[in-house]
Amino acid sequence: MKDYQRIKQTKYILPRATYFQALWTIRDYNRLKEECEEILHESPSPADGQPKGTGIGDPVAAKAFRREKGLEILKAIDRAKGIIPEEYISGIWKNIQYGEAMPLDASRATYGRWKSRFVFEVAKNLFLI
């Protein structure tokens, strides 16, 4: 499946690199969600036994920062999902995540418009534009 951005009859046009960055961030949603959950259950790395080891000064703060960064990305995607009408969310999500064809319950152009807007809103929420 070829990823392309609609450029005709839309106001949601992004630079090519920004479009793909937003698209792949959306595709990374499930991994990010799992990673944020796993951070809660991680144990600290074992000490190397040296008196002046190279361990992180504050591992809890480092984990909290990593988790917060991931949660901010997840929130940005979820906020963008909130602008899509409910009847189109599933089709657009499956198309981006798994490459499935858009459902036949609405026009292909309708799904294309909402997908463009969704990717644009994600890029805006992530401060890519």
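1. Comments concerning the overall build of the chain
Here's step 1: Secondary structure summary: the chain contains five helices and zero strands in total.
Here's step 2: Mapped in sequence order, the helices and strands of the chain form the string α-α-α-α-α.
Here's step 3: When the 129 residues of the chain are sorted by exposure, 33% land in the buried category.
Here's step 4: Put simply, 67% of the contacts in the chain that link residues at least 6 apart link residues at least 24 apart.
Here's step 5: Accessible surface computed for the chain: about 8900 Å², of which carbon and sulfur atoms make up 55%.

2. A word on the packing of aromatic side chains
Here's step 1: All chains considered together, the criterion is met by six aromatic pairs.
Here's step 2: Considering the side-chain rings of Trp 93 and Phe 118, the 6.4 Å spacing of their centres and the 65 degrees angle between planes classify their relative orientation as edge-to-face. Note that Trp 93 is positioned in helix α4 (residues 86–98) and Phe 118 in helix α5 (residues 108–125), a separation of 25 residues in sequence. As far as burial versus exposure is concerned, Trp 93 and Phe 118 are alike and both buried.
Here's step 3: Put simply, the rings of Tyr 29, Trp 93 and Phe 118 touch in pairs and so form one group of aromatic residues.

Conventions we followed
Residues numbered from 1 in each chain as written. Predicted model: local features only at pLDDT ≥ 70, side-chain atom pairs only at ≥ 80, totals over all residues. Heavy atoms only, no water. Helix = DSSP H or I, 4+ residues; strand = E, 2+ residues; numbered from the N terminus. Buried < 20%, exposed > 50% of the residue type's maximum accessible area, 1.4 Å probe, protein only. Contact = heavy atoms within 4.5 Å. Areas by Shrake-Rupley, 256 points an atom, 1.4 Å probe, with all protein chains shown as cover. Phe/Tyr/Trp six-rings, centres within 6.5 Å; stacked < 30°, edge-to-face > 60°.

Without other data, these values stay purely geometric and don't point to any function.
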